[in-house]
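Coordinates in review
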Amino acid sequence: MSQSEQTTQKPQHYFSVLTYGCQMNENDSEKYADQLNKLGYFLTEDFKKASIILLNTCCIRESAEKKIHGKIGELKHLKRENPNLIIGIAGCMAQKDQDALLKKYSQLDFILGTNNIYDLDKVITNLIEKKKKKILLAQDEPNKEAEETKTLSHHHLNEGKVSTFVPIMYGCNNFCTYCIVPYVRGRERSRPIAEILKETEALGEKGYKEITLLGQNVNSYGKDKKDQPDFADLLKSVDNIKTIKRVRYMTSHPRDMNSKVIDTIVESIISGNKKLCENFHIPIQSGSNYILKKMNRGYTKEYYQELVQEIRTKVPDCSITTDLIVGFPGETEELFEETLEFMKKIRFDTAYTFIYSKRSNTPAASFDNQVPLIDKKRRLKILTDIQNEISLDINKKLENKVLEVLIEGESKNNSSTYTGRTRTNKIVLFERDEKYKPGQLIDVKITAAQTWVLKGQPI
C-alpha cells in the first residue's frame, strides 16, 4: 500500500457485545450488531479496541444479575482511560431497573429496554453528536411494526456457525409466579408467518443449515391474531424450505403442546423432508402437583406424563428434555421426593436444573415458607446426581448405533476433534478429517457414551 493510500484510508471503529441469558437475548444481540455495523462499526472481542460496549442483560436469576453488576464495575476503568467510550445496557435487566442503573453507575451512557431493540442506532447517533449526555429508553409497549417486520441483513455474532435462531413471537402471557419474563418482555405477540419464512429461507441461502424457532412459549404462536396459522402450521411450512436441513424450536409450555404439533413432526419424518427434529424440550419445573399449582403452571404431573407417553408412542426415537426448579417456596422434603420419583418415572434425556431465585415484583418472592439456600443446594446436588445416572444410561443404549450428525465445527477443547449434533440434540465428538466440513450431515457410529457427550466414528 502506498503512503498516500495509507493516509486516506479511514480508521476503523469497533464495538463489543456481551450477551447474558437465553437464546432470545442472543438473537437480540444480532439485531444490535446489525445496527452498529450499518453505522460503520466492526465487531471485536477486545474491549480495549472498542468505541462502543453493549451489555445485553438477563434478570431471570439472581446469579446472572450479580455477574452483570460485576462486569459493569470492571468497565469503569476503561471509561476513565477513554472518556469517549460509549457503554450501554440493554435487555431484561435494563427494562426492569431502568434509571436506577444510570444513577448507580456513572460509567453508563444509555439504558435500552426490551421494547426498544431497534432504537440502538438512534441512541448511538445522539450520543456521538452530543445531542444527549445520558439516554434512557425503556417504553412499556413494543413498536409492533418494527418488531414484526424487521429481519437481519447479517448475523455478525454467528459467523462461521451452521446454526442460528429465528424469533417467531415475543413476550409471554403465562405469569408463572416465579417468573419475571411477562413484566420485562411484555405480552405475547406473533410475527407474520410470511416474514418468518422469508427470514428462514434467506438464512439457508447464506449457508446456515439449522435454525431454531424462538419464543417464550412457541406453542402459543398465532393465538394473538385472528385467522393466524398456529404453531403446527408454521412448522409444516418451515419443513418445506429447501435451503434448511434441520429445524428445532424452543421453548414449549406443556399445557399448550398438542397432538397437532406432534403429528406434524411425525409427518415430516414420514414424508422424507425430515427437517423437524425429534427433540422435545418441555419444561416440567416440578414433579409435585402442589408446587405446580403454586407456580401457576396450569397442568398436573399426570397430564404431563400422558403428553410424554403420546410423544414416545408416536415418535419412538425421540429425546425428551426438561427444566426443573428446586427449592420453590413451600417445597418440603416430601414434595421434593415427589419430583425425584417423577424424574425416575419419566427418565428425561437431560434436565436443566436451577435453584429457585427470588425475583422482585413476582408473586413467589413474597410467598411464605421460603426454602433456606443450604437446603436448595443439597436438593440440587441430589437431583443432578440422579439425572446424570439416567442420562448416562440412556446414552449407553446408543452405543454401536448409527446416527445422523450435523457437523458444527472444531471442538472448543481439541482442534483435532470435530463436534456435531444428532437429530435428538445430543453432542457427538469424532476425529477430525479434512474430507468432512462444518454443515455436512454424516452418519456416525457411536463407539462410546458419556453423560453429556457421545463419541463416534464416521462411516
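Keep in mind the model is a prediction, meaning the values are calculated, not measured.

So, about the overall build of the protein chain. Summing up its helical and strand segments, the protein chain has 16 helices and 19 strands in all. The buried share of the protein chain, reckoned over its 459 residues, is 53%. A fraction of 73% describes how many contacts in the protein chain between residues 6 or more apart in sequence connect residues 24 or more apart. Counting every atom, the protein chain has about 21500 Å² of accessible surface; 49% of that belongs to carbon and sulfur.

The next subject is the packing of aromatic side chains. If you walk through the whole model with that rule in mind, you get eleven aromatic pairs. A centroid spacing of 6.4 Å and a plane angle of 90 degrees characterise the contact between phenylalanine 430 and tyrosine 436, whose relative ring orientation is edge-to-face. Judged by relative accessible area, tyrosine 436 falls into the buried class, the value being 13%. One aromatic cluster in this structure is built from Tyr178, Phe328, Tyr356 and Phe367. Directly above the aromatic system of phenylalanine 354 lies the positively charged group of arginine 61, at a separation of 4.0 Å from the ring centroid.

This part is about the pattern of salt bridges. A full pass over the atoms with the stated rule returns 37 salt bridges. A salt bridge links lysine 71 to glutamate 74, with the shortest nitrogen-to-oxygen separation between them at 3.1 Å. Highlighted residues: lysine 71 and glutamate 74, both in helix H3 (residues 62-74), separated by three residues, approximately one helical turn. Note that arginine 379 is salt-bridged to glutamate 331, the shortest N-O span being 2.8 Å.

Another point: the pairing of strand S10 (residues 210-214). With five of its five residues buried, S10 lies for the most part within the structure. Across the two faces of S10 the burial is the same, with Glu210, Thr212 and Leu214 and Ile211 and Leu213 all buried. Both strand S7 (residues 163-167) and S10 contribute to a ladder of five bridges, which runs parallel. Note on S10: the bridge partner recorded for threonine 164 is isoleucine 211. Across five bridges, S10 lies against strand S11 (residues 246-250) in parallel orientation. Following the sheet pairing, glutamate 210 is matched in S11 by arginine 246. Chirality of the crossover, the property in question, places the unit of S10, helix H11 (residues 231-238) and S11 among those that are right-handed.

It is worth spelling out the sheet that holds S11 at this point. Spatial strand order, S7-S10-S11: three strands in an open sheet with parallel pairing. In this open sheet, the two edge strands, each paired with only one partner strand, are S7 and S11. With direction set aside, neighbouring strand axes in the sheet form an average angle of 25 degrees. Across the sheet, helix H2 (residues 23-38) is in contact with S7, S10 and S11; its angle to S7 comes to roughly 90 degrees. Taken strand by strand, helix H10 (residues 193-205) contacts S7 and S10, and its axis lies near 165 degrees from that of S7.

Glancing now at unusual backbone geometry. Cis geometry marks the peptide bond from methionine 250 to threonine 251, where omega comes out at 5 degrees. Secondary-structure assignment places threonine 251 in the loop between S11 and helix H12 (259-271). The backbone of arginine 347 sits at a positive phi, close to 60 degrees, despite the residue not being glycine. Assignment of secondary structure puts arginine 347 in the loop between helix H15 (333-346) and strand S14 (350-355).

What follows covers H10. With 13 residues, H10 ought to run about 18 Å at 1.5 Å a step, and its terminal C-alpha atoms sit 18 Å apart, in line with that. Of the positions making up H10, those classed as buried are Ile193, Glu195, Ile196, Glu199, Thr200, Leu203 and Gly204. At the C-terminal side of H10, glycine 207 shows a positive phi close to 115 degrees.

This brings us to the sheet that holds strand S18 (residues 441-449). Reading around the circumference, S15-S16-S17-S19-S18 is the order of the five strands in this closed barrel, with mixed pairing throughout. When the angles between neighbouring strand axes are averaged without regard to direction, this sheet yields 50 degrees. By the bridge criterion, five bridges tie strand S15 (residues 402-410) to S18 in an arrangement that is antiparallel. The residue of S18 that forms the bridge with glutamate 404 is aspartate 443.

Another point: the packing of H11 against H12. Following both chains from N to C, one finds H11 and H12 inclined at 15 degrees, their axes separated by 8 Å at the closest point. On the basis of their axis angle, the class for H11 and H12 is roughly parallel. Note on packing geometry: the crossing formed by H11 with H12 is right-handed. In contact with Phe231, Ala232, Asp233, Leu235 and Lys236 of H11, H12 contributes Lys260, Val261, Thr264 and Glu267.

With that out of the way, let us pick up the environment of glutamate 404. Looking at the element boundaries, glutamate 404 is found in strand S15. Along the backbone, glutamate 404 and aspartate 443 are 39 residues apart, and their C-alpha atoms lie at a distance of 4.6 Å. Excluding residues within four positions of it along the chain, glutamate 404 makes contact with Arg246, Arg421, Thr422, Arg423, Leu441, Ile442 and Asp443.

With that out of the way, let us pick up the side chain of serine 319. Note on placement: serine 319 falls in strand S13 (residues 319-326). Exposure remark for serine 319: the relative accessible area of 1% places this residue in the buried category. Polar contacts involving the side chain of serine 319 include one to the side chain of asparagine 279, which spans 2.9 Å. A distance of 2.9 Å separates a polar atom in the side chain of serine 319 from the backbone oxygen of threonine 424. Beyond its immediate sequence surroundings of up to four residues, serine 319 is in contact with Glu278, Asn279, Phe280, Asp349 and Thr424.

The next subject is the confidence of the model for the protein chain. Put simply, the protein chain has an average pLDDT of 92, and 93% of its residues get 70 or more. In the predicted structure, residues 1-8 sits below a pLDDT of 50 and forms two contacts with residues beyond four places in sequence or in another chain.

Conventions used here
All residue numbers refer to position in the chain's written sequence, counted from 1. Reporting in this predicted model follows two pLDDT cut-offs: at least 70 for local features of residues, and 80 or more for side-chain atom pairs to be given and counted; totals over whole chains, interfaces and linings ignore these cut-offs and use all residues. The basis for every side-chain value is the complete set of non-hydrogen atoms in the structure, without hydrogens or water. In DSSP terms, a helix is any run of H or I states spanning at least four residues, a strand is any run of E spanning at least two, and both are numbered starting from the N terminus. Think of it in three bands: residues with accessible area under 20% of the maximum for their type are buried, residues over 50% are exposed, and the middle band is partly exposed, with areas taken using a 1.4 Å probe on protein chains only. Contact definition: two residues touch when any of their heavy atoms are within 4.5 Å. For every accessible area listed, the method is Shrake-Rupley and the probe measures 1.4 Å; residues are considered covered only by the protein chains on display. Note on aromatic contacts: the rings of Phe and Tyr and the six-membered ring of Trp form a pair at centre separations within 6.5 Å, being stacked when their planes are under 30 degrees apart, edge-to-face when over 60 apart, and tilted otherwise. Cation placement over rings: the criterion is NZ of Lys or CZ of Arg within 6 Å of the ring centroid and within 35° of the ring normal. Salt bridge criterion: a side-chain nitrogen from Lys or Arg within 4 Å of a carboxyl oxygen from Asp or Glu. Should DSSP find at least two bridges between two strands, the strands are taken to pair. Note on handedness: a clockwise path from strand one over the helix to strand two, with the strands aimed away from the viewer, defines a right-handed crossover. Here the axes come from fitting lines to C-alpha atoms, over the contacting stretch only for helices, and the angles between their N-to-C directions go from 0 to 180 degrees. Multiplying one less than the number of residues by 1.5 Å gives the expected span of a helix. Angle categories: roughly parallel below 35 degrees, roughly antiparallel above 145, roughly perpendicular from 65 to 115, and oblique for all the rest. Each crossing gets its hand from how the near helix is turned against the far one by less than a right angle, where anticlockwise is left-handed and clockwise is right-handed. Within 3.5 Å is the distance limit for a polar contact, defined as a pair of N or O atoms, with the added protein rule that one can donate a hydrogen and the other accept it, and that residues adjacent in sequence qualify only through two side-chain atoms. What pLDDT reports is the predictor's confidence in each residue, on a scale of 0 through 100.

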